[in-house]
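Secondary and tertiary structure notes
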Amino acid sequence: MLASPVFATIFVYFYKSPLSYNIFILLALAESINLVGFSYYTMLLGIGEAKFLTLIQLVTLTGATLFVYSGIIITNSYYGLAGFVIIIAIANGLILKHLKKIVVFSTVNFLVKAGGWKLLFILMALSTVFYLNHSFGLPIFVVSGVLAISWFFLFFGDIKELISMGKSLIKGI
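Because the structure is predicted, anything quoted here is derived from the model rather than measured. In every chain, residue numbers begin from 1 and rise along the written sequence. Local features in a predicted model are, by the rule used here, given only for residues with pLDDT of at least 70; side-chain atom pairs are given and counted only at 80 or more, and totals for whole chains, interfaces and linings are based on all residues. The side-chain numbers reported here are obtained from all heavy atoms of the structure, hydrogens and water having been left aside.

Some details on the pattern of salt bridges
Throughout this description, the term salt bridge denotes a Lys or Arg side-chain nitrogen within 4 Å of a carboxyl oxygen of Asp or Glu. Evaluated as defined, the whole model comprises one salt bridge. Between aspartate 158 and lysine 118 there is a salt bridge, with its nearest N and O atoms 2.3 Å apart. Separated by 40 residues along the polypeptide, aspartate 158 in helix H8 (residues 156–172) and lysine 118 in helix H6 (residues 116–136) bring together distant segments of the chain. Buried means the residue's accessible area, taken with a 1.4 Å probe over protein chains only, is under 20% of the maximum for its type, while exposed means over 50%, and partly exposed covers the values in between. Of the residues examined, aspartate 158 reaches a relative accessible area of 28% and is grouped as partly exposed. For lysine 118, a relative accessible area of 14% translates into the label buried. Strands here mean DSSP runs of E at least two residues long; helices mean DSSP runs of H or I at least four residues long; both are numbered from the N terminus.

Structural notes on the packing of helix H3 (residues 50–75) against helix H4 (residues 80–102)
Helix-helix packing: each pair is described by the crossing angle between the helix axes and the interaxial distance. At a minimum axis distance of 8 Å, the contact between H3 and H4 shows a crossing angle of 160°. Judged by the inter-axis angle, H3 sits roughly antiparallel to H4. In the packing of H3 onto H4, the handedness of the crossing is right-handed. Note on element contacts: H4 touches H3 through Gly80, Leu81, Gly83, Phe84, Ile87, Ile88, Ala91, Leu94, Ile95 and His98, opposite Phe52, Leu53, Ile56, Val59, Thr60, Gly63, Ala64, Phe67, Val68 and Gly71. The residue makeup of the contact of H3 with H4, split by class, is 14 nonpolar, six polar and no charged. Only the contacting stretch of a helix is used when fitting its axis, a line to C-alpha atoms as for every element, and angles between N-to-C directions run 0 to 180 degrees. The labels follow the angle: roughly parallel below 35 degrees, roughly antiparallel above 145, roughly perpendicular from 65 to 115, and oblique for the rest. For any pair of crossing helices, the crossing counts as left-handed if the nearer helix is rotated counterclockwise from the farther one by less than a right angle, and right-handed if it is rotated clockwise. What makes two residues a contact is simply this: any of their non-hydrogen atoms within 4.5 Å. Here the nonpolar group is Ala, Val, Leu, Ile, Met, Phe, Trp, Tyr, Cys and Pro; Asp, Glu, Lys and Arg are the charged ones; every other residue, Gly included, is treated as polar.

Side note on the layout of surface pockets
A cavity here means a set of 1 Å grid points, computed over protein atoms only, where a 1.4 Å probe fits but cannot escape. A pocket is an open set with protein on both sides within 12 Å along at least 5 of 7 lines, and lining residues have an atom within 4 Å of a point. Grid points are joined across faces, edges and corners, and a volume is the space filled by probe spheres set on the points. As a volume, the largest pocket reaches approximately 430 Å³. Looking at the lining of the largest pocket, the elements that each hand over two or more residues are helix H1 (4–14), helix H2 (19–46), H6 and helix H7 (140–154). Class assignment of the residues belonging to the lining of the largest pocket gives a composition of 15 nonpolar, four polar and two charged.

Set out below in structure tokens:
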């Protein structure tokens, strides 16, 4: 979200394809989900669940292929990437469900402690931007600017904490 104006500039001025920005937003949605699921994925890999993860990769690859192909055939557009976002969410849900069979924990409690409300906000913001940009053709730089500013306010406290930690490390040296 923070780099959104940079990508908007690249898509508009370098590639001369503002439509690519919508594709970027859809892929950013999928990666936002994957950022949370990566920790679960890594844990399962570390405890020897490679066969299950291979199955998840197969489901993700098959689902993504079907959604993207269907989007191209049915709508002659990139809309199938929205299905890619859905299959990523499903795969991450399956990983979480499998992990709960191995380790007892509260999903809600974990998401609250891990800043799940921020992820929810990011998903809602990106989905809204995609919808508004697709439906109404809003100016790409306004949309990308709003995303960047939203990200800054969302993570302002985290940024302050990281700066403070960095200062402490430098003082310790």
